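Residue strings, one per chain:
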2 protein chains.
Amino acid sequence: MKTDGDPKIVSPSTIRKASRLGQFSGPTSGLALGKAQANLVILPHEAAFEFLVFCQRNPKPCPIIDVTDPGDPEPKQTAKGADIRTDLPLYRVYKKGQLVDEPSDILNYWRDDLVAFLIGCSFTFEHAMLSAGLPLRHHAESRNVPMYITNIQCTPSGRFSGPMVVSMRPMPAKKAVQAVEVTARYPRAHGAPIHWGDPTVIGVENLGKPNFGAPTPLTSQDVPM
Amino acid sequence: MKTDGDPKIVSPSTIRKASRLGQFSGPTSGLALGKAQANLVILPHEAAFEFLVFCQRNPKPCPIIDVTDPGDPEPKQTAKGADIRTDLPLYRVYKKGQLVDEPSDILNYWRDDLVAFLIGCSFTFEHAMLSAGLPLRHHAESRNVPMYITNIQCTPSGRFSGPMVVSMRPMPAKKAVQAVEVTARYPRAHGAPIHWGDPTVIGVENLGKPNFGAPTPLTSQDVPM
């Protein structure tokens, strides 16, 4: 990606443009610090109400940032001029629950009945964590955060249900309370942690084997959070 | 309404039961202090997604407390065992924008495709205002709060659009900042005021003529808020 300076402070529109031109396809942790980051879910209109109610019932894992009008690829409320079909680094296309494609744009998949949901992402509060002097071990390792399926069931809505997934950032024990305070200020980016301390309490048995992302080693002073 | 003590602290389930039995049909300001109050909107499933997106885009006037599954009259997330068709003091039925009925229950109107939305209500933070020593002039007058149509346009979603409506509580000028602080802690009950001071700034020309509710006189120390 061509940047106009430090990639950590490169603007969201620069990242979107680089993604649109096929010049960037990586994870966005550590980019555009200080700006809201989001996850993308696209569904047919037929399933959109059920899913939006699922998000309303589970605001901790699924804080809604923006919802597009059916068929409109522009997230007008949050990123005027952006195109949801081309401006993300990479997409995953699922059919009947199976991953069928991982394209760099979804122009060929777009339909007039599709609705896009932008859901808050914990990358958003990493800037505030760094500013507060809280370490981000996955930045030092240049890896994506590890993510785990917990034993906490979300409140279902129609066909949508399932366990909560959490990301984990190792934190020095003496800074853990401060990390709760800083992240709690970002409820639309998941906010404060679900838990810190013993991961088995939320059903995570092996921190070394995340369900998604890359494992992040803990130092002897760290607690998982 | 038969109450088990002071009506101000009567429980929500007692108010729902009295409404169900036809023993109560008044406004609920000042009742069940300390509990969340809500407004009710019921729409066919066909319009439910558009309306929920309207609420997502306008969280200040339309903070969502609960959404029922289509056809289910029980607001399971917030009031287990309640029946949305009978447990409110009074209903208004609209057809093509026209008020056609004002029944005490809607059992005859209920359909399998109806979705109920509970939307946060400013009555919720009145308990906190009283506890903080902030006056509620409409309580003293035993009236509903006055409400006004402003010149602030909501962000549309499909067929749903229109200006924001505000309630007004006269507040001693020296307590106005404190009133902002107290109400700001209740974002799901509209939170802090949209404005205080000169009502013409938000398009309200005559405080004596509210669009809904009853006018509330200001003392010489009060500002409209």
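Just so we're clear, the structure is a prediction, and the values are computed from it rather than from any experiment.

Draft legend 1. Region of interest: the sheet that holds strand β2 (residues 64-67) of chain B. Residues and elements named next belong to chain B. Taken together, the 3 strands give an open sheet; going across it, the order is β1-β5-β2, and neighbouring strands pair in antiparallel fashion. The outermost strands of the open sheet, each flanked by one partner alone, are β1 (38-44) and β2. The sheet shows a mean angle of 20° between the axes of neighbouring strands, direction not considered. Here β2 pairs with strand β5 (residues 114-120) via 3 bridges, running antiparallel. Paired with Val-67 across the bridge in β5 is Phe-117.

Draft legend 2. Expanded view of the interface of chain A and chain B. Taken together, the 21 residues of chain A in the interface contact 21 residues of chain B. Counting the surface lost from both chain A and chain B, the interface buries some 1,400 Å², and carbon and sulfur atoms represent 57% of this. Area buried by chain A at its contact with chain B is led by Phe49(A), Gln56(A) and Arg57(A), which between them contribute 45% of it. Our count for the contact surface shared by chain A and chain B stands at 2 salt bridges. Asp69(A) is the partner of Arg57(B) in a salt bridge, and the nearest nitrogen-oxygen pair spans 3.2 Å. There are 6 residue pairs in polar contact (both at pLDDT 80 or more) connecting chain A and chain B. Only α2 (45-57), β2 (64-67) and β5 (114-120) of chain A provide two or more residues apiece to the side of chain A that touches chain B.

Draft legend 3. Structural view of the sheet that holds strand β1 (residues 38-44) of chain A. Across the sheet, which stays open at both edges, the 3 strands sit in the order β1-β5-β2 (chain A) with antiparallel pairing between neighbours. Bordering the open sheet on either side are β1 and β2 of chain A, each of which pairs with just one other strand. Across the sheet, the axes of successive neighbouring strands diverge by a mean angle of 20°, strand direction being ignored. Examined bridge by bridge, β1(A) and β5(A) share 7 bridges and lie antiparallel to one another. In the sheet register, Leu40(A) faces β5(A), and the bridge partner there is Leu118(A). Against the sheet, α2(A) touches β1, β2 and β5 of chain A, its axis set at about 140° to β1(A). Helix α2 (residues 45-57) of chain B contacts β2 and β5 of chain A of the sheet and is inclined by roughly 125° relative to β2(A).

Draft legend 4. Examining the relation of the copies chain A and chain B more closely. Taken as rigid bodies, chain A and chain B are interconverted by a rotation of 180° and an axial shift of 0.0 Å, the fit giving an RMSD of 0.0 Å. The superposition operator between the copies reduces to a two-fold rotation axis. Considering only C-alpha atoms, the residue of chain A closest to the rotation axis is Phe49(A), which sits at 2.3 Å.

Draft legend 5. Representation of unusual backbone geometry within the structure. Even without glycine at this site, Ala32(A) takes up a positive phi of about 50°. The topology assignment puts Ala32(A) in the loop between α1 (12-20) and β1. Backbone geometry places Lys96(B), a non-glycine residue, at a positive phi of 50°. By the secondary structure assignment, Lys96(B) is in the loop between β3 (93-95) and β4 (98-101).

Each value, and the rule that gives it
- Residues numbered from 1 in each chain as written.
- Chains lettered and ligands numbered in written order.
- Predicted model: local features only at pLDDT ≥ 70, side-chain atom pairs only at ≥ 80, totals over all residues.
- Heavy atoms only, no water.
- Pairing = 2+ DSSP bridges.
- Helix = DSSP H or I, 4+ residues; strand = E, 2+ residues; numbered from the N terminus.
- Axes fitted to C-alpha atoms, helices over the stretch in contact; angles between N-to-C directions.
- Contact = heavy atoms within 4.5 Å.
- Buried area = accessible area lost by both parts, 1.4 Å probe.
- Salt bridge = Lys/Arg side-chain N within 4 Å of Asp/Glu carboxyl O.
- Polar contact = N/O pair within 3.5 Å; in protein donor to acceptor, adjacent residues only side chain to side chain.
- Least-squares fit on C-alpha atoms with pLDDT ≥ 70 in both.

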